[in-house]
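# Structural overview
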Amino acid sequence: MSTLKANGASPMSNDETAGDPTNVQRPEAGHSNIPIPPVAPNYVDITDVFAKEAQKIRPGELAMLETFELVNAINALEIMDLKMDTGLLDMLSRDKEFDTTANRAAKQVLWVMDELFAMEMSWHTGGALSQTVFTCLYIEQALKNFNGCISSAHFGDDESHEPMSSDADLESVFVHVVLRAFVLGIIKTCDLSRRRLQCNEIMEDEDIVTQTYSLDLMQFVPVSKICSGLTDAINKMKRLKTESSRQHVHDQEKADLLGCIDGFIVRLELRILMIKALDAADDAPEKQIELLAGIGDLIRRLASTISLAESLPVAFSIAIQGRLECGMPPRPKVEMSFGDAITTLERLINGTRDVLRIHDYGSLGDITGYFEEFAMRRPTELPYVRCQLFRRSFVHRKIFGKFPMRDAVIADITDLCCPSPALFAIDESHPCRQALDLFLTRAEVCFENLFSIMCHNRARLRQRLCGAIMDWDSLQVDSEHLESSVEMLEFSPLLPTVQKSSEEGIRALPLSSWVYFRKLQIMIWIIFMGFELDIYRLEEWPLMLWYGDYILGVMDSHVARIETILEITATMQQASTTYSTTSRKSKKNNGAKSISATPASGALPPSQESIMRTRMWLAGLRSQIGVYKELCHGYMCFMAAMVLAGCVRSFTASPVDPSRKKYTTPELLYKLRLKPFSTIGVPEIPSFETYQRLTDLRDWQIDSLLDNAQITVNSARNMTDVWSKLKPEQQINAKLVQESSAKMRRSLTRSCVGTNVAISVLRQMKLQPRSFGEENNLKISVLHDNFHPFFPVLSVSTRK
Amino acid sequence: MSTSTSNSLLDPELDGGGISQYISVPFIVTTTDGRQFHGPLIGTDREQNIILGDATEKLPIGFKSRRNEGFRYVGMIVVPGKYILRIDADRRALQSNSLNRRRHPQISTPDVL
C-alpha cells in the first residue's frame, strides 16, 4: 500500500499554487490519510522524471499526440472540478450515505413510489436515466446486487446479504416487499420500453436517451417473475388491510395506514398492467387495447391516494452519476410533478391506443393518410408512441408483415392517377418490364423513407424532408425518362383535349404525375413547417408566404391536369360503353353507324368507380389548396401593410446598418432561405429580380392592403366552411383520420378569425407609412396555440 | 507497493527521449483525493496538466466498491497538475517507445505547439 499522502476529497485552493504557476505543489510524502490503491507491477513511478521533462516544455506549449486536435478536448472532463467531475460528486456524498436496508414509514414508501413513477415519465419525455430513474438509491442498490437471478435484486449492502422482512414489523414489509416489488417493476417497464425505443425513427438525445451505462435492466428476467413478485406484494397488502380493518381501533393513524395500503395496492396493480401492456407490444391489438383500458381505470383510483405521501428526498441523489459508466459531466435531476407524470402516462396510453387503430384500415391508402395526420399532431407524440407506430406498421419491411411496400406504392399511384390496370401487370417478356421494376424499387425506398420520416419529431421531420426531396426529384427524372420511352407509351396513350386548336393531345403519365405530386406535397410541408417551428424571421414571412403561394399554384395546376385527364378518360369510357351498346343495336338495325372514341390500344381503362372516387378526392384537395392560397394572399397583404408601416423590416431593402452591406445582401438572404429547393429541377426557383418585381410595394397604401387582406382572409374562411362540409366519401384515405381532419379544419378557421382580428387592430391604429427603425411602440408576437400549425396568427399590440 | 525512486528510465540507453517518450503510454495518475485514473497519455504541458484518453477511474481503498470492482469508464479527461499526487507509466510501453525511436529516428516526434 502506498504511503503517499492524499488530501481527501477537497480540491486544493488556487491560493496554494498562486506563487509560482509552473511549480506544481505536491503534499509531503510519508503521511497517509486515504490509502491509495496499489498499481500493477509493470507500472513504474515516473512522477519526478515526468516533472523534470515537463519543465522543458516552453510556457504556453503543449506536448501531444500527433492526431490529437483541440476539438477532441472539448468533451474532455476536468477532474476535481465539481461541475465536470461526477466521481468527485460521488466521493463528496459518501459521508451522507442513504441506508437502503432501513425500515421506512408507509407514507414515505408511498412517496418514493410516486417519485420513481414521475422519474420514469421524465425519462419518456427526454431526461436521461442517469437524471431520472437511476437517481433513486433503491434502484441503484437493486441493480448493483443483481447477478442474473431475481432473488439477488434486493436492497442489502451486498448481494449475499438479503434483508429479511417480518410480518410483525410492518415497515420492513413496506420496504423489502412492497417497495422492492415496485422497484423491480419499474426496472422491467424501463427495459421493455427501451427495447422498443431502439429504432431509427427516434433520435437519441433529441427525443429520449436510452443509454443504460452498462447496467443490466433485467433483460432476461421473465415478465411473469416480476409480475409474480408484484402479485405477492398485493396479496400481502390485502391481507394486512383485512387484518387491520378487523381491529377495532379507529384513529387518524389507522386511517392513514389503510389509505397507504390502498395506495400501495393501486400502484402495484398499475405496475402489473403497465408491464403486461408493454410486453404485448407485438401481440394482437385487441390484447394491448384491453390492457391499456385497464390502466386508464387505475389512474383514476390513483388520484385519491396522492395526498398521503410524505417526502423522503434523500432517497434520490445525482451523486450516483459518479458511479455510472458515463463520460458526461454532472447533470441535474429532471423533476416532474406527480400530476404531470399522470398526464404523461395518459398521453402514452392514449397515443399507443390510437396507434392500434391503424389495424382498422380499409385500404393501404388509409395507412398513408394516418401517417400524414400523425406527423402533424401537436404536441408531437411521445417517442414510445412514434416507435410503436412504425414498428407495428412495418414488420420485416412489409406493412403489417403482409403487404410489400410495392403494393403501397401501386395503391398510392392508383388512388391519385387511376392508371390503366395493365400498367402494373406487364408481362415479364415486355421490353419495359425491367425498367418499370427498377423504377418501382426506387419508389419503394423513397416511399418507405417517407413513413419513417413521419415518425420523427417535428424539427427533425422538416430537416429529413429537406434531404428526402432530392431523392424524389431524382425519382421524377427516372419516371419521366421511363414514360417517354416508346414501349411505355401504350400505357399512357394520347388523349384528345377539349381545345380544338391543339393538335397534340395530352398523356396521362401516371408515374411521373404521382412522383411530382408527392414531391410538391413535401415542398409544401417544408415551407409551411417553417412557420410552425418559428424558423423564419418576421421579415422573411413575406418571402416564404409568396414562395408558398407559388408552390401551391404549381400544385393546383398539377392536380387540375390530373383531373382533366380523368375527366377525359371517364368521357371516353362512357363513349366506349355507348359504342358497344350502340354497335350491338346497330348490328341489329343492320348498318346504322355511330360515333365512338377509340379505346386506347393495348391498355385497359380504369374502372368508372375508381375514377369517380379519385375525382371527388382531387376536388377536395383543390379546395384545401384554394384555402391555403387565399390565406397566403391574406397574410402577404397583412405583412405588406406592416412593412409599409415600419413595423417589420422589408426583406428586399438593404441592411439597416450600411457597414454590414459587405457581409450580406437581400439576394444572398433570398438564396439562403430557399436553399432546400435550390437543387430541384422542377419547379425552378424564381429569380430574386422576379420576386422583387412581383412584391414591389411602391404603388400600395396601407389601408388598401389591409382591405385586401381582410377580403382574402374572409374568402379563405368561407372556403374552409365549404371544405368542412365535404362528405366522408369525398375524402379518400381518410377512414382513420376523420376526427383529426375535422379538428385541423376548425383550427384553420380559427387562424382566419385570429388574422382578421389582427387586421382590425392594425386598422384601428391608423398607422402612417414610415421606415423600419424609426421608433414605434408596437409589439408583434406570433401565436401558435389553437391555430393551424401552418398559419400561426400575428398579434399586434402597443408596448406599455 | 513501494515508492520506487529508482528509475530505469534514467538508463543511459533510454534517456534523452524527452516528454515525447510518454505520449500514448498507458499511465496511472493518482489524484490528491486518492482516486486513480488509468489511460494513455494524450498530451501535457509545462504545468503537468495531463490529458488521458479512454480513461477509467478507480476509487480509493476503503470506499464501497462500485459494480465493476471499482473501475468506471470516464472517457477523455484532463487532470490539472496541481491535483496530481503521483504518476505511474507502463514500463513495457515506455521501453517499446524508446526502442522504436532508436530503430527509426526519422519517425516524427509528437507535436509541440
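Small disclaimer: the values here were computed from a predicted structure and weren't measured. (Residues numbered from 1 in each chain as written. Chains lettered and ligands numbered in written order. Predicted model: local features only at pLDDT ≥ 70, side-chain atom pairs only at ≥ 80, totals over all residues. Heavy atoms only, no water.)

### Observations regarding the environment of A168 of chain A
All names here are of chain A. The criterion, for reference: Each helix is a run of H or I in the DSSP string that is no shorter than four residues. Each strand is a run of E no shorter than two, and both are numbered from the N terminus. Buried means the residue's accessible area, taken with a 1.4 Å probe over protein chains only, is under 20% of the maximum for its type, while exposed means over 50%, and partly exposed covers the values in between.
Relative to the helices and strands, A168 is located in the loop between α4 (137–145) and α5 (170–197). Overall, the relative accessible area of 77% leaves A168 in the exposed class. Note: C-alpha distance between A168 and S740 (572 residues apart in sequence) is 56 Å.

### As for the nonpolar core
To be explicit about the condition: For this analysis, a nonpolar core means a set of buried residues of the types Ala, Val, Leu, Ile, Met, Phe, Trp, Tyr and Cys, connected via side-chain atoms within 4.5 Å. Contacts are assigned to residue pairs that have any heavy atoms within 4.5 Å of one another.
Core analysis: the biggest nonpolar cluster contains 225 residues, and F134 and W514 of chain A have the highest contact counts within it. Among the elements that line this core, the one with the most residues is helix α17 (residues 608–644) of chain A, at 19 residues. If near-sequence neighbours (up to four positions away) are discounted, F134 of chain A is found in contact with L129, I139, L143, T212, Y213, L215, L217, I320 and L324 of chain A. Membership of the second largest hydrophobic core comes to 30 residues, among which are A63 of chain A together with F27, F37 and A55 of chain B.

### Description of the sheet that holds strand β6 (residues 403–404) of chain A
Residues and elements named next belong to chain A. Which entries qualify depends on this criterion: Here, a strand pair is defined by DSSP locating no fewer than two bridges between the strands.
With respect to topology, 3 strands assemble into an open sheet ordered β4-β5-β6, the strand pairing being antiparallel. With one partner strand each, in any of the chains shown, β4 (394–395) and β6 form the two edges of the open sheet. Note that β4 and strand β5 (residues 398–399) share 2 bridges and pair antiparallel. Bridge pairing in β5 places F394 opposite I399.

### Focus on the confidence of the model for chain B
All names here are of chain B. Stated formally: A residue's pLDDT is the confidence the predictor assigns to it, expressed on a 0 to 100 scale.
Mean pLDDT for chain B: 76, with 66% of residues reaching 70 or above. Model confidence for chain B, summarised as mean pLDDT per element, is weakest for helix α1 (residues 91–103) at 79 and strongest for strand β1 (residues 26–31) at 95. Note that pLDDT drops below 50 for residues 1–15; the model gives that stretch 33 contacts with residues more than four away or on any other chain. Contacts from residues 106–110, a stretch scored under 50 in pLDDT, to residues over four places away or in other chains number 8 contacts.

### A short note on the packing of aromatic side chains
Residue and element names in this part refer to chain A. Going by this rule: Ring pairs are drawn from Phe, Tyr and Trp, using the six-membered ring of Trp, whenever the two centres fall within 6.5 Å, and their geometry is named by plane angle: stacked under 30 degrees, edge-to-face over 60, tilted for the rest.
In total, this model carries 34 aromatic pairs over all chains according to the counting rule given. With a centroid separation of 5.4 Å and an interplanar angle of 45 degrees, the aromatic rings of F528 and F791 are classed as tilted. Linking F528 in helix α15 (residues 510–532) with F791 in the loop between β9 (778–783) and β10 (793–798), this pair joins segments that are 263 residues apart in sequence. Of the two residues, F528 and F791, neither departs from the other in class, the shared state being buried. Measuring from centroid to centroid gives 5.7 Å for Y635 and F791, while their planes differ by 65 degrees, and the two rings are edge-to-face. Placement of the pair is Y635 in helix α17 and F791 in the loop between β9 and β10, with a sequence separation of 156 residues. Each member of the pair Y635 and F791 is classed as buried. Chaining the aromatic ring pairs together yields one cluster made of F528, F531, Y536, W541, Y628, Y635, F790 and F791.

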